[in-house]
Amino acid sequence: MKRQIQESYDQIHAPISLINDTKRLVHSSLENEPIRHPRHSRKPIYLAASMAACLTILITAGIHFLHNKPQATSPLTENQVNVAPGVTSEAKQFGTFKSVDEWKQYLSSIKKSGNASITLENDFILYETPIMLQGKMETIQIQIKQGKLSKQQEDYLLEGNYECVITDGPTILGRTQLALTSSSQFTKDSITVTQEDLDHDGTLEFALDHEATKIWYQISSDYKVIEYKK
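Analysis parameters
Residues numbered from 1 in each chain as written. Predicted model: local features only at pLDDT ≥ 70, side-chain atom pairs only at ≥ 80, totals over all residues. Heavy atoms only, no water. Helix = DSSP H or I, 4+ residues; strand = E, 2+ residues; numbered from the N terminus. Contact = heavy atoms within 4.5 Å. Expected span 1.5 Å × (residues − 1). 1 Å grid on protein atoms, 1.4 Å probe; cavity = no way out; pocket = protein on both sides within 12 Å on 5 of 7 lines; lining within 4 Å. Points joined across faces, edges and corners; volume = space filled by probe spheres on them. Nonpolar A, V, L, I, M, F, W, Y, C, P; charged D, E, K, R; others polar. Salt bridge = Lys/Arg side-chain N within 4 Å of Asp/Glu carboxyl O. Phe/Tyr/Trp six-rings, centres within 6.5 Å; stacked < 30°, edge-to-face > 60°. Buried < 20%, exposed > 50% of the residue type's maximum accessible area, 1.4 Å probe, protein only. Core = buried A, V, L, I, M, F, W, Y, C linked by side-chain atoms within 4.5 Å.

1. Notes on the environment of Ile 166
Locating Ile 166 in the fold gives a position in strand E5 (residues 155-168). Taking C-alpha positions, Ile 166 is 9.6 Å from Pro 130, a pair spaced 36 residues apart along the chain. Sequence-distant contacts of Ile 166, defined by excluding residues within four places in its chain, comprise Leu 133, Glu 138, Thr 139, Ile 140, Thr 171, Ile 172, Leu 173, Gly 174, Ile 219, Tyr 223 and Val 225.

Pasting the structure below:
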């Protein structure tokens, strides 16, 4: 009898806690069962108990499954994706920076408002252009952090932390904070950056305006931006 019931248990797949509870229930019922005459077979009782155990486990397991059924998941949106530095999408890499077009629109609105001085609420990409580096076309960006605009006669002076970033598509190759702290170069209606191969090595140097002078920069083989000394 015990072997028959155990075989019924072994054929059921349900949480172990449910199987153990059912085992205790069945064994308790058998122990409290009145003693019958030996001539009467107890096989139907054992079979009924085994079937009851199976049915109890199946029903309980079904309820357990419905309550714990895994919920369907929706596809990850861009904002849910965790991304690592150097391999991110452009939107993630520069998510804290407003684009060049946004900078131009913002600058235009400041000029129209006539504000004499204003602290920038956002960081901006001020300028970007393709550049040939080590035989491959990359992108150079000039960025500003914690910027402040102040009117200087007809122009605006942009102060803040200037950085130069070299990118290959969505990958940042190098980021350098520049010694430059103020410039009117990126507050013009038409923003230009002069480039020239000063040392004739096939890589262009570029100039940034600082007050009345120009500071020339070059890009090293490890994508660092350093001041060019003539």
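Read on for the rest.
2. What to know about helix H5 (residues 100-113)
The terminal C-alpha atoms of H5 lie 20 Å apart, and with 14 residues this matches the ideal 20 Å at 1.5 Å per residue to within 8%. Looking at the buried side of H5, the elements it contacts are strand E1 (97-98), strand E2 (117-119), strand E3 (123-133), strand E4 (136-152) and E5. Immediately beyond the C-terminal end of H5, within one or two residues, lies Gly 114, with a positive phi of roughly 80 degrees.

3. A closer look at empty space enclosed by the protein
Tallied over the full model, the rule gives 1 cavity of 30 Å³ or more. Here the largest cavity defines a volume of roughly 40 Å³. Around the largest cavity, the lining residues are Tyr 127, Thr 129, Ile 140, Ile 142, Val 193, Gln 195 and Phe 206. Elements with a minimum of two residues in the lining of the largest cavity: E3 and E4. Looking at side-chain class alone, the lining of the largest cavity contains 5 nonpolar, 2 polar and no charged residues.

4. Here we look at the pattern of salt bridges
Inspection of the entire model under this criterion finds 7 salt bridges. The salt bridge involving Lys 111 is made with Asp 189; its shortest N-O contact spans 2.9 Å. One end of the pair, Lys 111, is in helix H5; the other, Asp 189, is in the loop between strand E7 (182-183) and strand E8 (195-196), and 78 residues separate them in sequence. Of the charged contacts in the structure, one is a salt bridge between Asp 168 and Lys 136, with a shortest N-O distance of 2.8 Å. Pair noted here: Asp 168 is in strand E5 and Lys 136 is in strand E4, with a separation of 32 residues, a long-range link. Within this structure, Lys 145, Glu 163 and Arg 175 form a network of salt bridges that share partners.

5. Observations concerning the packing of aromatic side chains
Across all of its chains, the model carries 5 aromatic pairs by this definition. Where Tyr 162 meets Phe 186, the ring centres are 6.3 Å apart and the plane angle is 35 degrees; that geometry is what we call tilted. With Tyr 162 in strand E5 and Phe 186 in the loop between E7 and E8, the pair connects residues that are 24 residues apart, well separated along the chain. Taken as a pair, Tyr 162 and Phe 186 share a single burial class, namely buried. An aromatic cluster is defined as three or more aromatic residues linked by ring pairs; in this entry it consists of Trp 103, Tyr 106 and Phe 124.

6. Brief notes about the nonpolar core
The biggest cluster of nonpolar side chains holds 30 residues, and the ones touching the most others in it are Trp 103, Leu 126, Ile 142, Tyr 162, Phe 186, Phe 206 and Leu 208. Of all the elements in the fold, those that place two or more residues in this core are H5, E3, E4, E5, strand E9 (205-210) and strand E10 (213-219).

7. Regarding unusual backbone geometry
For His 200, which is not glycine, the phi torsion reads 55 degrees and is therefore positive. Looking at the element boundaries, His 200 is found in the loop between E8 and E9. A positive phi is found at Tyr 223, a non-glycine position, where the angle reads about 65 degrees. Note on placement: Tyr 223 falls in the loop between E10 and strand E11 (225-227).

8. Examining the environment of Thr 194
Structurally, Thr 194 is set in the loop between E7 and E8. Look at Thr 194 and you get partly exposed, because its relative accessible area is 35%. In this structure the C-alpha to C-alpha distance between Thr 194 and Leu 204, which are 10 residues apart in sequence, comes to 9.6 Å. Once you skip the residues sitting within four places of it in the chain, Thr 194 turns out to touch Glu 205, Phe 206, Ala 207, Lys 214 and Trp 216.

Geometric values such as these leave the question of function open.
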